[in-house]
Amino acid sequence: MPTDDLPETFHVTTDEQLRAVSNLTRHRIMAALRFEPATITQIAERVGLAKGSSSYHVRLLERAGLVKVVRTRKVRGVTERYYAMAARSVVLPDPGEGGPDVLMRHAVADLEASSADGERHVRMAHLRLTDEQFAELGARLQALADEYRKLSDPSLPDASLVFALFHPAPRDQTPGGAK
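One structure accompanies this document, and this report is about it.

Definitions and cut-offs
- Residues numbered from 1 in each chain as written.
- Predicted model: local features only at pLDDT ≥ 70, side-chain atom pairs only at ≥ 80, totals over all residues.
- Heavy atoms only, no water.
- Helix = DSSP H or I, 4+ residues; strand = E, 2+ residues; numbered from the N terminus.
- Buried < 20%, exposed > 50% of the residue type's maximum accessible area, 1.4 Å probe, protein only.
- Areas by Shrake-Rupley, 256 points an atom, 1.4 Å probe, with all protein chains shown as cover.
- Lys, Arg positive; Asp, Glu negative; His and termini not counted.
- Charge placed at Lys NZ, Arg CZ, Asp CG, Glu CD.
- Salt bridge = Lys/Arg side-chain N within 4 Å of Asp/Glu carboxyl O.

### Observations concerning the overall build of the chain
Consideration 1: Of the regular secondary structure elements, the chain holds six helices and four strands.
Consideration 2: When the helices and strands of the chain are read in sequence order from the N terminus, they spell out β-α-α-α-α-β-β-β-α-α.
Consideration 3: Viewed in the frame of its principal axes, the chain has a C-alpha envelope of about 65 × 35 × 35 Å.
Consideration 4: Looking at the chain as a whole, 21% of its 179 residues are labelled buried.
Consideration 5: If you sum the accessible surface of the chain, you get close to 13000 Å²; carbon and sulfur atoms cover 52% of it.
Consideration 6: Computed over 24 positive and 24 negative side-chain charges, the inter-centroid distance for the chain is 8 Å.

Right, dumping it as structure tokens:
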């Protein structure tokens, strides 16, 4: 199933869906299905899981509606299922004040697991912006990400782009922060 046929977004709205995407292993399975469908065996190989574990996690994702079977074929009397993402992107609900940002936690875990020998661009900048500049920067970052997503070629190695533009909590309001 080409990614052109996928809906643009899948909005996580239920507790079952949130539990499914909150797990790092399932997050990595969804990343493995980002550009092309795969069987349980292929997913297990890509993510580094046992086939049984891969099957378990894919079933939970399928039940939550995040992945779906896009084709089947018979191989030596067994039906082989190919799974794909249900949409190009998954939109998570706002975690709310003080809630964990699942997406950023997964991104940091993926960054920490990536090869230190490979090329990485990790930067942090502290800025002071007007509301208009803040909104403009957010829109420009999103447009840049969308531009490069359109250039993505499934035959090339994966690259992840994560950005977070936010107003930090004042120091006296952070948990355990200095006053």
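So that's the structure; there's more coming.
### Description of unusual backbone geometry
Consideration 1: One non-glycine residue, Arg76, lies in the positive phi region at around 50 degrees.
Consideration 2: Turning to its location among the elements, Arg76 is positioned in the loop between strand 2 (67–75) and strand 3 (78–85).

### Here we look at the pattern of salt bridges
Consideration 1: Summed over all chains, the structure comprises six salt bridges.
Consideration 2: In this structure, the salt-bridge partner of Asp110 is Arg28, at a minimum N-O distance of 2.8 Å. Residue Asp110 is located in helix 5 (residues 102–113), and its partner Arg28 is located in helix 2 (residues 24–32); the two are separated by 82 residues in the primary sequence.
Consideration 3: Using a relative accessible area of 23% as the deciding quantity, one classes Asp110 as partly exposed.
Consideration 4: For Arg28, a relative accessible area of 29% translates into the label partly exposed.
Consideration 5: Note that Glu80 and Arg73 form a salt bridge whose closest N and O atoms lie 2.7 Å from each other.
Consideration 6: Assessed through its relative accessible area of 45%, Arg73 is described here as partly exposed.
Consideration 7: Through salt bridges that share partners, Glu8, Arg88 and Arg149 make up one connected network.

By themselves, these observations are geometric and do not establish any function.
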